[in-house]
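Topology and contacts: notes
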Amino acid sequence: MEIIHISAECYPVAKAGGLGDVVGALPKYQNQLGHISKVVMPMYKTKFLNAHSFDVVHKGGFHMGAAGFIDYTVIKERVNTLGFDLYLIDIYGLLDREAVYGYDDDVERFVAFQIAAVDWISRWNHRPDVVHVHDHHTALIPFMMKHCYVYQHLNTIPTVLTIHNGQYQGWIGWDKTNFIPAWDPWKAGLLEWENTVNSLACGVKCASKVTTVSHSYLQELKHMANGLEKLFEYEKGKCIGILNGIDDAVWNPSTDTYIDYRYGIEDADEGKLNNKKILCDQFNLDINKPLIIFIGRLVHEKAADLLPAVIGDSIYHLQGQMNFLILGSGETWIEGQLASMNHQLTGYYNSRIGYNEQLSHQMYAGADFLLMPSRVEPCGLNQMYSMRYGTVPIVRSTGGLKDTVIDYGDKNGYGVRFNDASVGDITHAIYRALQLYKHPKQLDKVRTTMMEIDNSWEKSAGEYIEVYKQL
Ligand code: ADP
Ligand code: GLC
């Protein structure tokens, strides 16, 4: 089976969050199952681009309404470094930027990327078996393949849309619909949701199948989908939850080249302690206290706005029995608060504002606990990485966190779970984590159980293949 993944991110080429990790791993595992899985993504100006060799495989162009004529070039990475064929679409002036998102013209950028991807596929002299798109940046593609006149010969190719995050939907003003190649006007309703063009809603309506990255998240979307609840209820017949996996080749404490001391289950205590020492020295923290970390986007969805109060309250009410270390970037006011606390809580707390892949690995390895108080968490990879590294997750019971973490108070449990994204509930969960830390034997058992869990991609990659086969 030939599968074409089309995505805005793919690790290690370009990553802003978990979407990159998934698209960087899933195709590799699908290839290992004997299929031909490829990735098409924008050509950003990244380190990966400069460090690898590429061949030009296609040059084309299209009219994009008021934006004029757009030329594009498709390049292919020469030696299959990632375990799958990687194609980058270069659109001069639009896609060739350093960051993945965050520009004023993101609508133009991602509409142009989607048209270029479809335009290129439409020129192949064979048809792939499935086109698999990810999140709103590529969710107009099923519509384009079915209803844009120039691409209608693609309308028999099945499409799969995976929703990694339904909060972001790719809203586009009607004035920009002239960007999309001429479509059947009777189908305008497919583009729309609540009087605006909504890329994600359009994808849900037009894709042959819709998947979400955990089972619980699929259920939650029917009640909490940033305005699309009724759509998910209506389309439930074509939706299915498939839990993400983790890339064992990248996230493995016994082979990880980002960390100073590598370790396995047998020597986890010693390995983790050595890595913790380095972190504590670097961030002026106390190695004898449990180290609680947070890694992630500093946004409302992740409940990062509650971190300052949670950290302040925990240190105050629990008599500074623990240390905190934060790595993240996001909303400026949260970044500012977290950074200013470095000086107020020296010796108990530290933070690094920004994105740092290596430090994230060192933190998963050296910490005792990982905090994820997310208000919304479609799957969450951090908790799975932390478990692989023997770091106990403290998570809110939502979405994928609920599907992957069992509370240590329950049978065969290994994590700490709580219900509300409130300062009180989170602080209480931290208190329960401290109780676990005070019982080394129990902590040891929890650590072994977590590290033995197999969250690798093998199973989920096969589940996607089953979905494609049904189509
Ligand atoms: P999301 O995709 O919603 O951000 P996930 O848990 O699925 O959340 O994935 C987050 C990924 O991004 C993980 O690989 C995590 O380690 C990484 N990450 C998030 N923030 C940072 C950061 N500031 N520095 C390094 N890695 C980060
Ligand atoms: C999203 C979600 C996260 C998920 C990731 C990969 O960004 O917020 O929960 O793990 O995508 O699917």
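Remember, predicted model here, so these are calculated numbers, not experimental data. (Residues numbered from 1 in each chain as written. Chains lettered and ligands numbered in written order. Predicted model: local features only at pLDDT ≥ 70, side-chain atom pairs only at ≥ 80, totals over all residues. Heavy atoms only, no water.)

**So, the nonpolar core**
For the record, the criterion: Definition used in this section: a nonpolar core is a set of buried Ala, Val, Leu, Ile, Met, Phe, Trp, Tyr and Cys residues joined via side-chain atoms within 4.5 Å. Accessible area is worked out with a 1.4 Å probe on protein chains only. A residue is then buried under 20% of its type maximum, exposed over 50%, and partly exposed in between. For the domains described, the bounds stem from an automatic or database domain assignment. Every residue pair with non-hydrogen atoms within 4.5 Å of one another is taken to be in contact.
In terms of nonpolar packing, the biggest core is built from 83 residues, with I311, I394 and I430 touching the most fellow members. Split by domain, this core shows at least three residues from each of two domains, domain 1 (2-245 + 458-470) and domain 2 (268-455). Setting aside anything within four residues of it in sequence, one finds I394 in contact with I292, F369, L370, L371, M372, V416, F418, A429 and A433. Within the second largest apolar cluster, 80 residues are counted, among which are F62, A117, Y151 and C206.

**Focus on the pattern of salt bridges**
Our working definition: Counted as salt bridges are all cases of a side-chain nitrogen of Lys or Arg within 4 Å of a carboxyl oxygen of Asp or Glu. Here a strand is any run of E in DSSP of at least two residues, a helix any run of H or I of at least four, and the numbering for each starts at the N terminus.
By the definition in use, this model includes 24 salt bridges. Measuring nitrogen to oxygen at the nearest pair gives 2.8 Å for the salt bridge that ties D106 to R109. Of this pair, D106 and R109 both sit in helix α3 (residues 106-122), three residues apart, roughly one helical turn. Residue classification places D106 among the buried positions, given a relative accessible area of 18%. Between R375 and D305 there is a salt bridge; the shortest N-O distance is 2.8 Å. Remark: D305 occurs in the loop between β13 (291-298) and α10 (307-317) and R375 occurs in the loop between β16 (369-372) and α13 (382-388); sequence separation between them is 70 residues. For the residue pair R375 and D305, the accessibility class agrees, reading buried in each case. A network of salt bridges, in which partner residues are shared, links D269, K276, D368 and R447.

**Quick word on the packing of α10 against helix α11 (residues 332-344)**
Our working rule: Convention adopted: a line fitted to C-alpha atoms gives each axis, helices being fitted over their contacting stretch, and angles between N-to-C directions are expressed from 0 to 180 degrees. Angle categories: roughly parallel below 35 degrees, roughly antiparallel above 145, roughly perpendicular from 65 to 115, and oblique for all the rest. Gly is placed with the polar residues, together with every amino acid not listed as nonpolar (Ala, Val, Leu, Ile, Met, Phe, Trp, Tyr, Cys and Pro) or charged (Asp, Glu, Lys and Arg).
Between α10 and α11, the shortest axis-to-axis distance is 9 Å and the interhelical angle comes to 25°. Relative to α11, the element α10 lies roughly parallel. Residues L307, P308 and I311 of α10 pack against Q337, L338 and M341 of α11. Taken together, the residues of the contact of α10 with α11 sort by class into five nonpolar, one polar and no charged.

**Remarks on the domain arrangement of the protein**
Note the following rule: Buried area is calculated as the accessible area (1.4 Å probe) missing from two parts once they are joined, with the contributions of both summed. Nitrogen and oxygen atoms within 3.5 Å of one another constitute a polar contact, given that in protein one can donate a hydrogen and the other can accept it, and given that sequence-neighbouring residues count only through two side-chain atoms.
According to the domain assignment, the protein consists of domain 1 (2-245 + 458-470) and domain 2 (268-455). Using only C-alpha atoms to locate each centre, domain 1 and domain 2 end up separated by 33 Å. The interface is formed by 19 residues belonging to domain 1 together with 17 residues belonging to domain 2. Surface buried jointly by domain 1 and domain 2 totals about 1,500 Å² across both partners, of which 52% is contributed by carbon and sulfur atoms. Summed over the shared surface of domain 1 and domain 2, the result is one salt bridge. A salt bridge links K15 to E357, with the nearest nitrogen and oxygen atoms 3.2 Å apart. Counting across the domain 1 and domain 2 interface gives eleven residue pairs in polar contact (both at pLDDT 80 or more).

**Describing the site of ligand 1**
We count it as follows: The criterion for a residue being near a molecule or strand is simple. One of its heavy atoms has to lie within 4 Å of it. Accessible surface area values rest on a Shrake-Rupley calculation with a 1.4 Å probe, where residue burial reflects the displayed protein chains alone.
Contacts to ligand 1 come from 20 residues, most closely from K15, G18, D21, R297 and K302. Contacts to ligand 1 include K302, whose side-chain N or O atom sits 2.7 Å from an oxygen atom. Between N382 and ligand 1, the recorded distance is 3.0 Å, taken from a side-chain N or O atom to an oxygen atom. Compared with its free state, where it exposes 560 Å², ligand 1 has 93% of that area covered by protein. Elements that contribute at least two residues to the shell around ligand 1 include exactly α1 (18-32), β13, β14 (323-330), α12 (357-366) and α13. Of the residues belonging to the shell around ligand 1, the class tally is six nonpolar, nine polar and five charged. When residues of the shell around ligand 1 are sorted by domain, at least three fall in each of domain 1 (2-245 + 458-470) and domain 2 (268-455).

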